[in-house]
Protein chains: 2
Amino acid sequence: MARVVVDVSLKPEILDPQGRAVQGALGRLGLEGVADVRQGKQFVIELEGELDQEQRAKLEELAGSLLSNPVIEDYTVSINESTDSGSTAGAN
Amino acid sequence: MARVVVDVSLKPEILDPQGRAVQGALGRLGLEGVADVRQGKQFVIELEGELDQEQRAKLEELAGSLLSNPVIEDYTVSINESTDSGSTAGAN
C-alpha cells in the first residue's frame, strides 16, 4: 500500500481572493500578524501494492494535468510507501 | 517569519464524492491500482515574527472553527518557524 499526497496551490503571481478573505477573517477573529494566506487543494491517493516506475510517471503526469491547472497552479507530489493506512471504521 | 500549514480533510466516515470522481478519472486516464482518493483543503498562513504561545493557541482554535467544520472535518496544524519565504516575483 502506498499513499501519495498531491498538494496543489495557486502560483505566487496569481491572486487568491479566497485566501485573502481567510486572512481578513483570521485578523478579525483575533490572530495578529497574519502577513499572507493562500488556499490550496490536497489529494490523498491510496494505491495498492508497491509503486512501480510506470505508476510514478503516470502520477506525475496526472498531477500536472488532471489534478492541477498548469496555467495557474503549481503542484507537489509526496510518495509515502507501505503506509499502514488504518481502518476506515466509523468511530466518533 | 513563520509559516503555518493547516490541512483540512473530511473525516474517514464521511463520504467524499469529489474524491470518488477523481478516483474514477485517475483510473480512466491510465493509473492502475487506485484504492481510494480523498480531497481536502490546505491553508498556508504566513505570520510576521516569531510565534508566541497566544498565537499558537489562537491558531489551533481557529483551525478547528473557521478553517474546518468540526462536524465533518479533521485538521492538522504544522508550524514551520523562520522560513525564508522567498519572493513573490512573477517568474514564468
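All of the points below concern the structure found in this document. (Residues numbered from 1 in each chain as written. Chains lettered and ligands numbered in written order. Predicted model: local features only at pLDDT ≥ 70, side-chain atom pairs only at ≥ 80, totals over all residues. Heavy atoms only, no water.)

### Points about the overall build of chain A
- From N to C terminus, chain A includes 2 helices and 3 strands.
- By residue count, 38% of the 92 residues in chain A fall in the buried class.
- At a minimum sequence separation of 6, the contacts of chain A that also span at least 24 residues come to 73%.
- Accessible surface computed for chain A: about 5,100 Å², of which carbon and sulfur atoms make up 50%. (Helix = DSSP H or I, 4+ residues; strand = E, 2+ residues; numbered from the N terminus. Buried < 20%, exposed > 50% of the residue type's maximum accessible area, 1.4 Å probe, protein only. Contact = heavy atoms within 4.5 Å. Areas by Shrake-Rupley, 256 points an atom, 1.4 Å probe, with all protein chains shown as cover.)

### Some points on the sheet that holds strand 1 (residues 2-10) of chain A
- Reading across from one edge, 3(A)-1(A)-2(A)-2(B)-1(B)-3(B) is the order of the 6 strands in this open sheet, with antiparallel pairing throughout. At either margin of the open sheet sits one strand with a lone partner, and together these are strand 3 (73-81) of chain A together with strand 3 (73-81) of chain B. Each adjacent strand pair in this sheet contributes to an overall mean axis angle of 20°, direction not counted.
- Across 9 bridges, the pairing between strand 1 (residues 2-10) of chain B and strand 3 of chain B is antiparallel. (Pairing = 2+ DSSP bridges. Axes fitted to C-alpha atoms, helices over the stretch in contact; angles between N-to-C directions.)

### Comments concerning the relation of the copies chain B and chain A
- You can overlay chain B on chain A at an RMSD of 0.0 Å; the transform is a turn of 180° with a shift of 0.0 Å along its axis. Such a turn and shift between the copies fits a two-fold axis. By C-alpha distance to the rotation axis, the residue of chain B lying nearest is Lys41 of chain B, at 2.3 Å.
- A share of 100% of interface residues in chain B that are also interface residues in chain A marks the association as one of identical surfaces. (Least-squares fit on C-alpha atoms with pLDDT ≥ 70 in both.)

### So, the pairing of strand 2 (residues 34-47) of chain A
- Counting buried positions over the 14 residues of strand 2 of chain A gives 11, a clear majority of the element.
- Across 7 bridges, the pairing between strand 1 of chain A and strand 2 of chain A is antiparallel. Paired with Val5 of chain A across the two strands is Val44 of chain A, which belongs to strand 2 of chain A.
- The pairing of strand 2 of chain A with strand 2 (residues 34-47) of chain B spans 13 bridges and is classified as antiparallel. For Arg38 of chain A, the partnering residue across the bridge sits in strand 2 of chain B and is Val44 of chain B.

### Focus: the pattern of salt bridges
Residues and elements named next belong to chain A.
- Per the counting criterion, the structure on display carries 10 salt bridges over all chains.
- One salt bridge connects Glu61 with Lys58, and the closest N-O pair in it is separated by 3.7 Å. Residue Glu61 and its partner Lys58 are both found in helix 2 (residues 53-63); the two are separated by 3 residues, about one turn of the helix.
- Since its relative accessible area comes to 46%, Glu61 is described here as partly exposed. (Salt bridge = Lys/Arg side-chain N within 4 Å of Asp/Glu carboxyl O.)

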